[in-house]
Amino acid sequence: MTNRSWLTTSRSAAVLLPILGLVAAIALWWLAIVAFSIESFLLPTPGAVAAKFLEQPGYLLQQTWVSFLETILGFGLAIVAGVPIALLIVRSVILERLVYPLLLAVNAIPKIAIAPLLVVWWGFGQLPKVLMVLLVCFFPIVISTAQGMKSTPAELVELLRSLKAGKAQEFFKLRLIYALPQVFTGLKVAISLAVIGSVIGEFAGATEGLGYVITSSGATADVALAFAAIALLSVMSIILFYGLVLLEHLLLPWAQETR
Amino acid sequence: MIKLDGVGQVFEGRAGRVQALDGIDLHVQENEFVTLIGRSGCGKSTLLRLIAGLLPPTYGGVAVAGEPVTAPRRDVSFMFQRPALLPWRSVLSNVMLPVEISGGDLDRKKYVERAHELLELVGLDGFERRLPHELSGGMQQRVSLCRSLIRRPKVMLMDEPFSALDALTRTELSEELQRIQMELATTIVFVTHSIEEAVVLADRVVVLTPRPGRLREVVEIDIPRPRSLGQNAHLTEVAQISAHLHALLAEKQAEIRPVDAR
Ligand SMILES: Nc1ncnc2c1ncn2[C@@H]1O[C@H](COP(=O)(O)OP(=O)(O)OP(=O)(O)O)[C@@H](O)[C@H]1O
Ligand SMILES: [Mg+2]
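These figures come from a predicted structure and were not determined experimentally.

Details of the overall build of chain B
- Tallying secondary structure elements over chain B gives eight helices and ten strands in all.
- The C-alpha atoms of chain B give a radius of gyration of 19 Å, which matches the 18 Å a tight globule of 262 residues would have.
- In terms of principal-axis extent, the alpha carbons of chain B reach across some 55 × 40 × 40 Å.
- Counting all 262 residues of chain B, 54% fall into the buried class.
- In chain B, the share of contacts with a sequence separation of at least 24, taken over all contacts with a separation of at least 6, comes to 69%.
- Carbon and sulfur atoms provide 49% of the accessible area of chain B, an area that totals close to 11,900 Å².
- Looking at charge distribution, chain B has the averaged site of its 32 positive side-chain charges lying 6 Å from that of its 34 negative ones.

In structure tokens form, the structure reads like this:
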């Protein structure tokens, strides 16, 4: 019993457990290669991937930085564009009916289908990748923000009205803050999609970035390099995700317990 | 202080018209304590919301302090059935909310002091910096009471404020409320489900009939104050009046409800 509670409550366990999981997965990977004697051009050993990274750490980190920038810029733009649109949708039923089906339709398009078009329109630079990230992040951010804005309990709205609060006060002191936990839920979904979006963008045509590293390593059958790039992508995803979780903890301590 | 003239309220809902209130004539004097009882759904909350200016009456006139009510007023406070605290604000900051919303003309420092006094009064000193989710339901309701008192309202509208409290806290708070009312010369309209509470607190008890809510009877309570839910609840006078009120409420139940009974 004491063991179990230590594993679920202690802080060091909260850090140690994920690391343990990771180490176990890598060990399993390595064991599989040894046990089934898988050829290294099909599946490299963890050691070979690490060696690949250490061979050219500067280059790989540079490519990571490129993908990271695309992801962050697109994600930021999606927030800047998505939150106001969500607010407008919540304010007006007419606008909601006008815009919502459109949003759904755009979201239903497989983003991979658009990627080559973006290249045609904007070339091989950073812009089409940022736009791709924007496209994939936009919808979850709009939906969760709109949902959050609508979730204000009627009794709190009535309380503010009984205190003779103005519309602006009602918005800033109540509705906006009340929506934040749900906005964060949307952001956490969006940030993982954002990384995928940047890779899709790079697949369609790029000269740099981790997605580009993966496609070009395919041409030379350098599987270990592709794996190194994939590992960097997932590390980036994890850091971005937990960055948001940390931010949420700092900004919304009140939201933790009420879940 | 509060004047209701022929007030009626009709709700047009999806399921059709609901006549919530009809023909309510009631004058509440300054510094009077009126309690409102009636069966669930008879329009008690609606009546309070009309007085608060949260809802315009379908017909009839509502006036507070001689002025027709068209919007919420700063000198009228509303205390809800549930605590309605903002979850991200500390206890102190929740109590200060009305002051903050009124804006710059108020002397903030003076009100912070008052907030501390009020919190001490209801036994919450030391909890000023806690968040609402760290408090019990009864403690939250006491914070809500402090919040409704912070601006020294002339009129307090209270919708079953103590229904979630244990008997002892309820007794203490209702004594405190009477004391505050005398000190501040507040006018109070207080909705409750407890007949005894209605009798012990009130100068007059107003009984509403269900659907539509009409005045059934207004009963004057002539027991000297201060009164306590603890010691006075078992006085013969209280018992007699309670029995009478109970009969009034039950009578309506028999007359109107059988249609619904399965
Ligand atoms: N916004 C609304 N729209 C439609 N009908 C409403 C609305 N508010 C209240 N009603 C109806 O008006 C009637 C009175 O409601 P009210 O909340 O005033 O009752 P109450 O006496 O406070 O009941 P309780 O003791 O259960 O709190 C009910 O039949 C209710 O269904
Ligand atoms: Mg009610």
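Focus on the site of ligand 1
Residue and element names in this part refer to chain B.
- Lining the immediate surroundings of ligand 1 are 14 residues, of which Ser-40, Gly-41, Lys-44, Ser-45 and Thr-46 lie closest.
- Within the backbone of Gly-41, one N or O atom sits 2.8 Å away from an oxygen atom of ligand 1.
- At 2.7 Å from an oxygen atom of ligand 1 is found a side-chain nitrogen or oxygen belonging to Lys-44.
- Burial of ligand 1 by the protein amounts to 67% of the accessible area it has alone, namely 630 Å².
- Per-element tally for the shell around ligand 1: the top contributor is helix α1 (residues 44-52), with three residues.
- Broken down by class, the residue content of the shell around ligand 1 amounts to four nonpolar, seven polar and three charged.

Quick look at the domain arrangement of chain B
Residue and element names in this part refer to chain B.
- Structurally, chain B comprises domain 1 (2-75 + 155-255) and domain 2 (85-152).
- If you average the C-alpha positions of domain 1 and of domain 2, the two centres end up 25 Å apart.
- Domain 1 puts twelve residues into the contact, and the matching count from domain 2 is 13 residues.
- Both sides of the domain 1 and domain 2 interface together cover about 1,100 Å² of buried area, and 69% of this is carbon and sulfur.
- For domain 1, the biggest contributors to the area lost against domain 2 are Arg-74, Leu-173 and Leu-184; these three give 41% of the whole.
- Inspection of the region where domain 1 meets domain 2 yields zero salt bridges.
- For the pair domain 1 and domain 2, the interface holds one residue pair in polar contact (both at pLDDT 80 or more).
- Among the secondary structure elements, those contributing two or more residues to the side of domain 1 that touches domain 2 are β7 (155-159) and α6 (167-184).

What to know about the UniProt feature "domain: ABC transmembrane type-1" (unreviewed entry) in chain A
- Per the UniProt annotation, the sites labelled "domain: ABC transmembrane type-1" (unreviewed entry) are residues 64-242 of chain A.
- Here residues 64-242 of chain A is 88% helix and 0% strand, with 18 Å between the C-alpha atoms at its ends.

Observations regarding the sheet that holds strand β3 (residues 33-37) of chain B
Residue and element names in this part refer to chain B.
- Taken in spatial order, the six strands of this open sheet run β6-β7-β8-β3-β9-β10, and their pairing is mixed. Each having just a single partner strand, β6 (76-79) and β10 (215-220) make up the two edges of the open sheet. The mean angle between the axes of side-by-side strands here comes to 15°, regardless of whether they run parallel or antiparallel.
- For β6 and β7, the ladder comprises four bridges, and the chain directions are parallel. The partner of Met-79 across the bridge, within β7, is Met-158.
- Against the sheet, α1 engages β3, β6, β7, β8 (187-191) and β9 (204-208), with an angle of about 155° to β7.

Re unusual backbone geometry
Residue and element names in this part refer to chain A.
- One non-glycine residue, Ser-37, lies in the positive phi region at around 35°.
- At Lys-164, a position not held by glycine, the phi torsion is positive, near 70°.
- By the element assignment, Lys-164 lies in the loop between α8 (154-162) and α9 (167-203).

Some words on the packing of helix α7 (residues 126-150) of chain A against α9(A)
Residues and elements named next belong to chain A.
- Between α7 and α9, the least distance of the axes is 7 Å, while the angle of their chain directions is 155°. Considering the angle they form, α7 stands roughly antiparallel to α9. Seen from above, α7 lies across α9 with right-handed handedness.
- For the contact of α7 with α9, the per-class residue count stands at 17 nonpolar, nine polar and three charged.

Remarks on helix α10 (residues 210-219) of chain A
Residue and element names in this part refer to chain A.
- Here α10 has its buried residues at Leu-210, Gly-211, Val-213, Ile-214 and Ser-217. End-on, the buried residues of α10 take up no more than an arc of 160°, which puts them together on one face.
- In this structure, the buried side of α10 is in contact with α4 (57-91), α9 and α11 (223-251).
- Where α10 terminates, the next one or two residues include Ala-221, which has phi positive at roughly 55°.

A look at the UniProt feature "transmembrane region" (unreviewed entry) in chain A
- Here the UniProt feature "transmembrane region" (unreviewed entry) sits at residues 12-38, 65-90, 102-124, 130-149, 183-204 and 224-247 of chain A.
- The span residues 130-149 of chain A is 100% helix and 0% strand, and its two end C-alpha atoms sit 27 Å from each other.

Here's the deal with the environment of B:Arg204
Residue and element names in this part refer to chain B.
- Here Arg-204 lies in strand β9.
- Spatially, the C-alpha atom of Arg-204 lies 32 Å from that of Glu-12, the residues being 192 residues apart in sequence.
- Residue contacts for Arg-204: discarding those within four places in its chain leaves Leu-26, His-27, Val-28, Glu-32, Phe-33, Val-34, Thr-35, Val-218, Val-219 and Glu-220.

Thoughts on the confidence of the model for chain B
- Taken residue by residue, chain B gives an average pLDDT of 88. The fraction at 70 or more is 94%.
- Below pLDDT 50 for its whole length, residues 256-262 of chain B participates in four contacts with residues either more than four positions away or in separate chains.

Examining the nonpolar core
- Core analysis: the largest hydrophobic core is formed by 81 residues, its most contacted members being A:Phe75, A:Cys137, B:Leu4, B:Ile24 and B:Leu157.
- Of the residues forming this core, the biggest block, eleven residues, is contributed by α9(A).
- Excluding anything up to four places from it in sequence, B:Leu4 contacts B:Ile24, B:Asp25, B:Leu26, B:His27, B:Leu47, B:Ile51, B:Gly61 and B:Val62.
- Counting 30 residues, the second largest nonpolar core, distinct from the first, contains B:Leu85, B:Val99, B:Leu177 and B:Ile180.

Quick notes on the rules
- Residues numbered from 1 in each chain as written.
- Chains lettered and ligands numbered in written order.
- Predicted model: local features only at pLDDT ≥ 70, side-chain atom pairs only at ≥ 80, totals over all residues.
- Heavy atoms only, no water.
- Helix = DSSP H or I, 4+ residues; strand = E, 2+ residues; numbered from the N terminus.
- Rg over C-alpha atoms; globule rule 2.2 N^0.38 Å.
- Buried < 20%, exposed > 50% of the residue type's maximum accessible area, 1.4 Å probe, protein only.
- Contact = heavy atoms within 4.5 Å.
- Areas by Shrake-Rupley, 256 points an atom, 1.4 Å probe, with all protein chains shown as cover.
- Lys, Arg positive; Asp, Glu negative; His and termini not counted.
- Charge placed at Lys NZ, Arg CZ, Asp CG, Glu CD.
- Near = heavy atom within 4 Å.
- Polar contact = N/O pair within 3.5 Å; in protein donor to acceptor, adjacent residues only side chain to side chain.
- Nonpolar A, V, L, I, M, F, W, Y, C, P; charged D, E, K, R; others polar.
- Domains from an automatic or database assignment.
- Buried area = accessible area lost by both parts, 1.4 Å probe.
- Salt bridge = Lys/Arg side-chain N within 4 Å of Asp/Glu carboxyl O.
- UniProt positions renumbered as here; feature names shortened; annotations may be inferred.
- Pairing = 2+ DSSP bridges.
- Axes fitted to C-alpha atoms, helices over the stretch in contact; angles between N-to-C directions.
- Parallel < 35°, antiparallel > 145°, perpendicular 65-115°, else oblique.
- Left-handed = near helix turned anticlockwise from the far one by under 90°.
- Arc of directions from axis to C-beta.
- pLDDT = per-residue confidence, 0-100.
- Core = buried A, V, L, I, M, F, W, Y, C linked by side-chain atoms within 4.5 Å.

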